[in-house]
Each structure stands twice: as C-alpha cells, then as structure tokens.
Amino acid sequence: MHFWFIINSFARIAIALSIFMATPILWAIHFHEDAMVWIFGELSLFTLLSGLIILLLSHKKRQPPSQKDRYFIVSMAWFFLGLLGAMPFYFSGYVPSMTDAMFESVSGFSTTGASILTDVEVLPYSLLFWRSLTHWIGGMGIILLVIAVFPMFRTTGYQMFNMEASTLLNQKLKPHFADIARRLWAIYIGITIVLVALLMLGGLNFFDSLCHAFGTVATGGFSTKNASIGAFSPHIQYVIALFMIISGMNFTLHYFLLKGDFKKLTSNSELKLYLSIIIVFTLVIASILYFEKYPEIEKAFRIALFQVASILTATGFATDDYLMWPTQGWIFIFALLFIGGCVGSTSGGPKVIRYVFTLKYSLKKFLALLHPKAIINIKINGRNVTQTQVSSVLSFIMFYFLVFAFGTFCMSLLGVDLATAMGSVITAQGGVGPGIGTVGPASNFAHLPDLGKILLTILMIAGRLELYTFLILFTPHFWKSNIN
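Here the structure is a predicted model, which means the values were calculated and not measured.

Asks: Quick question: what am I supposed to make of the pattern of salt bridges here?
Replies: As a working rule, side chains carrying opposite charge can pair if their charged atoms are close by. Across all of its chains, the model carries 6 salt bridges by this definition. Measuring nitrogen to oxygen at the nearest pair gives 2.8 Å for the salt bridge that ties glutamate 104 to arginine 131. Of this pair, glutamate 104 sits in helix α5 (residues 98-109) while arginine 131 sits in helix α6 (residues 125-148); the two residues are 27 residues apart in sequence, bridging distant segments of the chain. A relative accessible area of 3% means that arginine 131 is categorised as buried. Here arginine 302 makes a salt bridge to glutamate 298, at a shortest N to O gap of 2.8 Å. A residue pair is termed a helical-turn pair when its members lie 3 or 4 positions apart in one helix, as arginine 302 and glutamate 298 do in helix α14 (residues 297-312) at 4 residues.

Structure follows, in structure tokens:
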C-alpha cells in the first residue's frame, strides 16, 4: 500500500472536520459555555494544524492509489472520524471513558444513534449540537460513498443506484462525480432547511429544530431530550415521521421528483416495496395497539407510523417504548430491524432493493416449476438482472445474517443476555439505534461491557460500509495479494 497517499487522505479528512468542529463554538458563546469555547477552539485548531502539516509533508510524496489503498482508506476513515469526533466528548469530561466516547462518536458518524449517555439533557448545548452534527456529516459522507466508492467495489444494489445517479444531469456525456455530488448535497441541505422551518412552525426553538433536523435527514436518531421525540407534540411527531420516510428514499428520486419526472417514482420497484412495507406494518401495528393498548385511533396510528418509519429507515427516534407493547407488536418492529431503507439514502440495514431482488428471484423459481421451458428474465426498474447480480444479493443477505449470528454469539460470551445480545448486534450492524432487551428505546448501551461496546463500534462501521468493504481488511488474502 502507498503510505503517503493514505496519510494525505486522512489529513484532508482532518482539515474538513476541523471546520465542522469549530461551529459548536458559536453555540458555546451564545449559551455562555466558556469552558466549551476553549475545548472546541483548541480541538478544532489542533485538528486543522495537524491536517495541514501532514498534508504539506505528504503532498509531493504520495503515489497513485491502488485498489487496496481505497479499501483501506474507506474503512479506516470511519475509525479516524470516530477518533477525532470523540475528542470533544472525552476532553469535556462528560464522557470520561475513551471507549464510551468512541462509541458515541462512531454511532453519530455512522448515523446509528445508539448512545451510552444516560442523561443527554445535562450536556452543554454546544456538545449536544456536536453530537447531532456528527449525524449530518455522516449522512453527507454516505452519499459520497454510494456515488464514488461502493459501485467501484461492485457492491450490488449500489451499482443500481449508480445507474440512477448517472442520469441526474440528463446529458449524453458521462457526468462527473462532483456534479452529481453537488446536486445530491444541495437536495440534502434543502431538505434539512425545510425540515428546520417546519419544526419551528410547530413550536420548537431553532436549536432543537436544527439538531433534530440533522438527526432526521441523516436518519441518525440522536435527540436533545431524554424522551426523544416523545417529548414533543403530535405535530412534531408527524413532521419528523414524514421526513424520516423521505430521507429513507433513494436521493436520486428526490431530484426526479423536483424535476416533475413522476414516472421515475411510479416505476421504481424499490420505492413501491418500501412504501408498501410502511403502510402494511403501520396498519397492522396500529390495529394491535388500538385493540390492546391505546383505544384512541389517532394515537395508535401515530405511534405505529412513527415507530415503523423510525426503525425501517434506521433513524432510531422514539415516541413510545415498543417493548411495552403486546408481543405481536414489538415482534413486527424487530422484523423491521433486518430490512433498512432504500439504496442511495442515508439509512442503514441490508436495504429494500436486496429484498426486491430476492422476491423477484423467488417468483422466477416458482414460475420455472410451472413452465420449465420458459425463459424468464428478472427485471428491476426496467433493467434485466444478471445471474451474477442475483448471486451477489443472495450471498450478501446470507452473510449479513451470519455476521448477526456471530456477533450475537460473541456478545453472549461476554455475559449479555440473549435478547440484548441479538438486539444490540442487529441495531449496530443495521445502524438503527434502539434494539430489544435492555437496549430498547427507553434504555441505552451504557451498561454493556467495554468489550461489547468495542464489538458494536466495529459492527456500526462494518454495517455502514456494507460488510464486505470493511471485513475484507481482516482476511489474510487482502494483505498478501497485490490488488491494483
């Protein structure tokens, strides 16, 4: 691998992050948090100067990157971001354990939303803002990855997204990555601004509106309140539920929607299944809640809709403790932990597109039994799907469940009960936030052993990077082979 190229890349990440790290200073000044002004000021300056010095030292020595370099940088960059992002938590003294600070930081950047904090309302406003900002930065980062990186690594599903993204410019020439990124980021920022405005119209102050908009659009889930979104009015809950659903969609569809190209939406197989899951699960859970827990139709529907949208999109906000529901209700929620949002969104999980592949492939097998001589093609959004793509999807889903099983086994060895082990692993791997057991929506991850937190931190990054891209670094073949 090319050492100077790798550290040059990390230096650029440090410089970019130092600019974001300076923004909480404004809130620290506004709320008279003098100690936090110095902490964020010193950390952002240290990060900036370190990045600039390394950039200057490595600029003329770096070599063209190999494929191995790209794998390493993409994976290790999330650890590097997590380490830098943990510094404000650690040096402020509010998270005195570096393991916990790293967990909270990685959870933010990976837009997971799992937390070790037992009382978020005691944190300074500037630190609360930084905590929510890590979501927003991570959400922008994943958009960058799905355009430029995942298709290059032949990550099936994201290759489909890349084909959609390539039509954004509506040009005959192949569009440049920077042009696509600018348009998608403009949509990302625009959705955030609209959501902030709507939340303020609903009665939230600017600070809470901004923090919750960051967590919603990035499908992250960090809140400034211990009760999460349950602390706010039904109006706020409906608005955030709607924008979680919007943020869980493929971001290229937002562009086509703004252009008035509704055919792209109505013909999108993944979007159809995504919305169908939301509608069916919401109605089923609302019915269960209405007959067995909440006898008010509107309340039962609102709680069901919010929790379905939150878990499916891997946001992790909560308005109710679903573990206190009738068993049938929270089992449906547990099932959603294994699905995720749409490809090309900020959400986590295996993604709906893979289940579209799986369902269509299963249907093909049934039809082949009825019509053995027929040639049956699988089409996704009007494009023929190759057998290689189908195999890639099926192997990914199988591997996803194997990682879940292995992670659950490891957590159990650490003395964690089975329900909590399963819940913590799948919620970290899928980037959701709350799970089942003692890590449900009314609890947190503070009580887990440090080794468990380290394992979950790794799983958050692995899940964010679609498993293969990250876990390949742990294979002997990667270090022995010459990947160009």
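Asks: Could you clarify how one ought to interpret the environment of phenylalanine 206 in this entry?
Replies: Locating phenylalanine 206 in the fold gives a position in helix α9 (residues 206-217). By relative accessible area, which is 39% here, phenylalanine 206 ends up partly exposed. With 89 residues separating them along the chain, phenylalanine 206 and proline 295 place their C-alpha atoms 35 Å apart. Excluding anything up to four places from it in sequence, phenylalanine 206 contacts Trp27, Val196 and Met200.

Asks: Please explain the environment of alanine 428 as it appears in this structure.
Replies: Within the element layout of this structure, alanine 428 appears in helix α18 (residues 418-429). According to the relative accessible area criterion, alanine 428 is buried, its value standing at 3%. Taking the C-alpha atoms as reference points, alanine 428 and isoleucine 303, 125 residues apart in sequence, are found 23 Å from one another. Dropping the residues within four chain positions of it, alanine 428 is found in contact with Thr112, Leu456, Leu459 and Met460.

Reading the values: rules and limits
- Residues numbered from 1 in each chain as written.
- Predicted model: local features only at pLDDT ≥ 70, side-chain atom pairs only at ≥ 80, totals over all residues.
- Heavy atoms only, no water.
- Salt bridge = Lys/Arg side-chain N within 4 Å of Asp/Glu carboxyl O.
- Helix = DSSP H or I, 4+ residues; strand = E, 2+ residues; numbered from the N terminus.
- Buried < 20%, exposed > 50% of the residue type's maximum accessible area, 1.4 Å probe, protein only.
- Contact = heavy atoms within 4.5 Å.

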